[in-house]
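Descriptive structure summary
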Amino acid sequence: MTYIQQIIEEAKFKNPNEPEFHQAVEEILTSIEPVLQNNQMYIKSKVLERLIEPERQIMFRVTWLDDNGELQINRGFRVQHSSAIGPFKGGLRFHPSVNLGIIKFLAFEQTFKNSLTGLSIGGAKGGADFNPKGKSDMEIMKFCQSFMTELYRHIGQFIDIPAGDMGVGEREIGYLYGQYKRISNSFEAGTLTGKGLSYGGSLARKEATGFGLLYFVNEMIKYHGHSMEGKRVVISGSGNVALYSCKKAIELGAKVIAMSDSNGYIYDENGIDFNTIHTIKEIQRKRISEYLNYFPKAVYVEDKSIWNIKCDIALPCAMQNDIDLADAQALIDNGCIAVGEGANMPTTNEAIKLLLSNKILLAPAKAANAGGVATSALEMAQNSARLSWSFEFVDNKLKDIMANIFNESKQAAEKNGLYGNYVAGANIAGFTRVANAMIAYGAV
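The rules we used
- Residues numbered from 1 in each chain as written.
- Predicted model: local features only at pLDDT ≥ 70, side-chain atom pairs only at ≥ 80, totals over all residues.
- Heavy atoms only, no water.
- Helix = DSSP H or I, 4+ residues; strand = E, 2+ residues; numbered from the N terminus.
- Rg over C-alpha atoms; globule rule 2.2 N^0.38 Å.
- Contact = heavy atoms within 4.5 Å.
- Areas by Shrake-Rupley, 256 points an atom, 1.4 Å probe, with all protein chains shown as cover.
- Lys, Arg positive; Asp, Glu negative; His and termini not counted.
- Charge placed at Lys NZ, Arg CZ, Asp CG, Glu CD.
- Salt bridge = Lys/Arg side-chain N within 4 Å of Asp/Glu carboxyl O.
- Pairing = 2+ DSSP bridges.
- Axes fitted to C-alpha atoms, helices over the stretch in contact; angles between N-to-C directions.
- Parallel < 35°, antiparallel > 145°, perpendicular 65-115°, else oblique.
- Left-handed = near helix turned anticlockwise from the far one by under 90°.
- Nonpolar A, V, L, I, M, F, W, Y, C, P; charged D, E, K, R; others polar.
- Core = buried A, V, L, I, M, F, W, Y, C linked by side-chain atoms within 4.5 Å.
- Buried < 20%, exposed > 50% of the residue type's maximum accessible area, 1.4 Å probe, protein only.
- Expected span 1.5 Å × (residues − 1).
- Bend = angle between axes of the 7 residues up to and from the residue.
- Phe/Tyr/Trp six-rings, centres within 6.5 Å; stacked < 30°, edge-to-face > 60°.

For the protein chain, the count of helices and strands is 18 helices and twelve strands. In terms of overall dimensions, the protein chain is globule-like: its C-alpha atoms have a radius of gyration of 21 Å, near the 22 Å expected for 444 residues. Seen through its C-alpha atoms, the protein chain measures out along the principal axes to roughly 60 × 55 × 45 Å. Summarising the internal contacts of the protein chain: among those between residues at least 6 apart in sequence, 71% fall at separations of at least 24. With an accessible surface of roughly 17900 Å², the protein chain has 50% of that area assigned to carbon and sulfur atoms. Measuring between centres, the 46 positive side-chain charges of the protein chain sit 4 Å from its 48 negative side-chain charges.

A word on the pattern of salt bridges. Following the criterion strictly, the structure yields 19 salt bridges and no others. Residue Lys366 pairs with Glu109 through a salt bridge whose shortest N-O separation is 3.4 Å. Linking Lys366 in helix H15 (residues 365-368) with Glu109 in helix H6 (residues 100-116), this pair joins segments that are 257 residues apart in sequence. Two residues, Lys125 and Asp165, come together in a salt bridge whose shortest N-O distance is 3.2 Å. Here Lys125, found in strand E4 (residues 123-128), pairs with Asp165, found in the loop between strand E5 (160-164) and helix H8 (170-184); they are 40 residues apart in sequence, far enough to count as distant. Because the salt bridges share partners, they merge into one network encompassing Glu10, Lys14 and Glu53.

An order of E1-E2-E4-E3-E5 is seen for the five strands of this open sheet, with the pairing classed as mixed. One side of each edge strand has no neighbouring strand; the edge strands of this open sheet are strand E1 (56-65) and E5. Averaged over all neighbouring strand pairs, the angle between strand axes comes to 20°, with direction disregarded. Along the sheet, H6 contacts E1, strand E2 (71-82), strand E3 (88-94) and E4; its crossing angle with E4, the most-contacted strand, is approximately 150°.

Where helix H1 (residues 3-14) contacts helix H2 (residues 19-31), the axes come no closer than 10 Å and their chain directions differ by 170°. Looking at the two axes, H1 sits roughly antiparallel to H2. Helix-helix and strand crossings are classified by hand; for H1 and H2 the assignment is right-handed. Every residue of H2 that contacts H1 at Ile4, Ile7, Ile8, Ala11 and Lys12 is listed here: His22, Val25, Glu26, Leu29 and Thr30. Split by residue class, the contact of H1 with H2 holds six nonpolar, two polar and two charged.

So, about the sheet that holds strand E7 (residues 255-260). In spatial order, the strands read E9-E8-E7-E6-E10-E11-E12; together these seven strands make up an open sheet with mixed pairing. Each edge of the open sheet carries a strand with a single partner, namely strand E9 (299-302) and strand E12 (361-363). Here the strands of the sheet are splayed against their neighbours by 15° on average, with no regard to which way each runs.

Right, let's talk about the nonpolar core for a bit. In terms of nonpolar packing, the biggest core is built from 87 residues, with Leu29, Met259 and Phe431 touching the most fellow members. Apart from residues lying up to four places away in sequence, Met259 is in contact with Ile235, Gly237, Ser238, Ala242, Leu243, Cys246, Tyr265, Ile266, Ile272, Ile277, Ile288 and Ile306. Core analysis: the second largest hydrophobic core is formed by 23 residues, Ala258, Trp307, Ile332 and Leu354 among them.

Moving on to the packing of helix H13 (residues 325-333) against helix H14 (residues 349-357). Their axes nearest at 8 Å, the elements H13 and H14 cross at an angle of 20°. Viewed along their axes, H13 and H14 adopt a mutual orientation that is roughly parallel. Our pair here, H13 against H14, has a crossing hand that is right-handed. The segment H13 lies against H14, with Leu325, Ala328, Gln329 and Ile332 engaging Glu350, Ala351, Leu354 and Leu355. In the contact of H13 with H14, the residues fall into six nonpolar, one polar and one charged.

Let us look at helix H9 (residues 205-223). Here H9 spans 27 Å end to end across 19 residues, near enough to the 27 Å set by a 1.5 Å rise per residue. Of all the bends found along H9, the most pronounced is centred on Phe211 and spans about 30°. Counting buried positions along H9 gives 14 out of 19 residues, so the element sits mostly inside the fold.

Here we take up helix H16 (residues 371-385). Between the first and last C-alpha of H16 there are 21 Å, a value that for 15 residues agrees with the 21 Å anticipated at 1.5 Å per step. Counting buried positions along H16 yields twelve of 15 residues, so the element is predominantly enclosed. Buried residues belonging to H16 abut E3, H6, E5, H9 and helix H17 (391-415). Downstream of H16 by one or two residues, Arg386 has phi in the positive range, about 55°.

This structure, assessed with the given rule, holds 23 aromatic pairs. Their ring planes at 70° and their centres at 6.4 Å tell us that Phe211 and Tyr215 sit as a pair that is edge-to-face. With Phe211 and Tyr215 both in helix H9 and four residues apart, this pair spans about one turn of that helix. Comparing Phe211 with Tyr215, the two get one shared label, buried. Here Tyr223 and Tyr419 contribute two aromatic rings whose centre-to-centre distance is 6.5 Å and whose plane-to-plane angle is 45°, an arrangement assigned as tilted. Residue Tyr223 is located in helix H9, and its partner Tyr419 is located in the loop between H17 and helix H18 (422-441); the two are separated by 196 residues in the primary sequence.

In short, shape yes, function no, at least from these values alone.
The following block contains the structure:
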């Protein structure tokens, strides 16, 4: 058994029944083997053994009253994985699927994603098994206040800076920050990001993950002789990342032909109209099938894989493990040239291997969807300076950061003889910065 395989087996043994965390550890560790071979100091200093252990794992009970006056109980989490290069930073996810293993995998991925931005932010993630869907504003406010009453003692602008994620948007961040402000008796705007513009938020933050995904994908396909112009794009999901990926893809000259939600997908051969889908999903908060009321010639399909649609570029922006082996084969058979991961770990390890072996360009999540956390760090900078930058200023900084992430991933891959493998390149580049900091600190 190899050294890396021993570490992977150790992670599985110490963290049973956490398949998402096992998957993330395996995907990253197997791709950084060339770096370990060339630098024995990483092995001698036991960097990998330390990296698979989060610095801190926090679980807590969240109790709140629903509109009927009935007591509800949920479970809250915060995994502070690594502060090697800066304070912990990562989103909060409210979704029924949330458990410790999922939060741990997200925090592990976040560590390397944040490293790739080049900014001084460590990796963390948190959330709760609370489902905001179907809840009133009052119920969501009560839950957020109860959640923050437990979380506040573990966060701060120099300790841990949460942000939004699935199920946590500007509304939820407002309720969370209001409770933090009340309990802490201070206005520490830099303690949470994704805030409203009136109390310290940043322009372009809402768009950042989706825009950043397209900036990375555009750089990647351009390097390999392609253009976004006229490309047929399929996007899974219709949340924040998916919506603004759609907008930027259209702006870059592509045609988005399909998007989905948890019930099914819409297919519009003429190209999805962004303003309509934005109204349905972000303003009205309705199901994606409503699109047919505006464009009756479009097609709505329930409970079928969106990846069977022929496309040039696939953008999984929904959930982890969205693309499995069969989906990857369908994309290959239909002539797809590139996959850009907007969600966290949306492609299974087996599917990744199949895509790479068939020369499909793959923009990995930890690099391609780093635009959100990069802009969160820019929000923190604005809060510290008591300044507010223009949309264009933030967007240009985001574009530069994503171009730098692509170049670092490309250079790391090519330096290790892995031309075109941006999964390995991103892992190597992200790992190296964190590992070097850990070694510099000594045995801590």
